[in-house]
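# Architecture at a glance
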Amino acid sequence: MHIIDEVYWKLGPYYIAAWSFNNIDFFLFLRCFGIALISFQRYLVICKDGSYIKEKISFASKWSIFLFHWLIPAVISSSTIANTNIQFDNIHTLNVILAPEDLSRSNFISNIFVLLTFIITISSYVSVLTMVINNRSQINNKIRREVKLYVQVAGLVIMFIFMSIYYMLQLIFSLSSNESIIFTMRFYYPVLTSCLSYINPWMIIFLNKDIYHSIREILLGPKLTTAVLSKGYDIHYMFIIGLVL
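Residues numbered from 1 in each chain as written. Predicted model: local features only at pLDDT ≥ 70, side-chain atom pairs only at ≥ 80, totals over all residues. Heavy atoms only, no water.

- Taking an unreviewed UniProt entry as the reference, the protein chain is identified by name as G_PROTEIN_RECEP_F1_2 domain-containing protein belonging to Heterorhabditis bacteriophora.
- Of the comments in the UniProt record for the protein chain, the one headed Subcellular location (unreviewed entry) reads "Membrane". (UniProt positions renumbered as here; feature names shortened; annotations may be inferred.)

Encoded structure:
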């Protein structure tokens, strides 16, 4: 670890120190924008099937979607990424030091972007929910499948709420120049961002029957799965035990 710390310390002036801070905004924007795109695409499929924009997106090339997903966050975070006035405090802690105005600008941009993408995501979910409730007697099998897929990414919305609260608090503290609390909160950022990353795969595992049954048989084995079901045990409980083990 000391060797890595020394390498980081020596490379600090060569944008390593700056990237240690700047990458947070870029990857946050990338993920939030991705969640908003997923939610909006599901909205188009369920609520605007056959519309012009839905057809354009459906037939768009994979590269154009990929570039759109990556370029927008890159452009918005460009002012933060271009900031090189960041350095490490010392070789032992490697905490980043930056000007208060740079920190406030970063928090402000992050808050605006998180808020906008959150509004897009929530609006898409509310529109889908309203459509399903108002037309529940006329929903065909295709729409039902799409709704099930939509439910599987609902965990992202929950984590999005926590992420929005986190950044609103960051903005409030930065405006009051309370830098100590800001950096203390950033120690908990990896937990929050990890939950945002991993909640969706877990939701898919438990809500997608095909994936759930496949993983269940891999972990428990076909014979054990059959035995557990025949004895009436809670298969979800056994499945969780299998995942833990």
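On we go from here.
### Structural notes on the packing of aromatic side chains
- Under the counting rule described, the total for this entry stands at 14 aromatic pairs.
- Taken together, a centroid distance of 5.8 Å and an interplanar angle of 35° make the contact between F66 and W70 tilted. Taken as a pair, F66 and W70 lie in helix α4 (residues 62–76) at a separation of 4 residues, close to a single helical turn.
- Residue classification places F66 among the partly exposed positions, given a relative accessible area of 39%.
- Of the aromatic side chains, those joined through ring pairs into one cluster are Y15, W19, F26, F27, W63, F66 and W70. (Phe/Tyr/Trp six-rings, centres within 6.5 Å; stacked < 30°, edge-to-face > 60°. Helix = DSSP H or I, 4+ residues; strand = E, 2+ residues; numbered from the N terminus. Buried < 20%, exposed > 50% of the residue type's maximum accessible area, 1.4 Å probe, protein only.)

### Describing unusual backbone geometry
- Despite not being glycine, Y15 shows a phi value in the positive range, around 75°.
- Within the fold, Y15 resides in the loop between α1 (2–11) and α2 (16–47).

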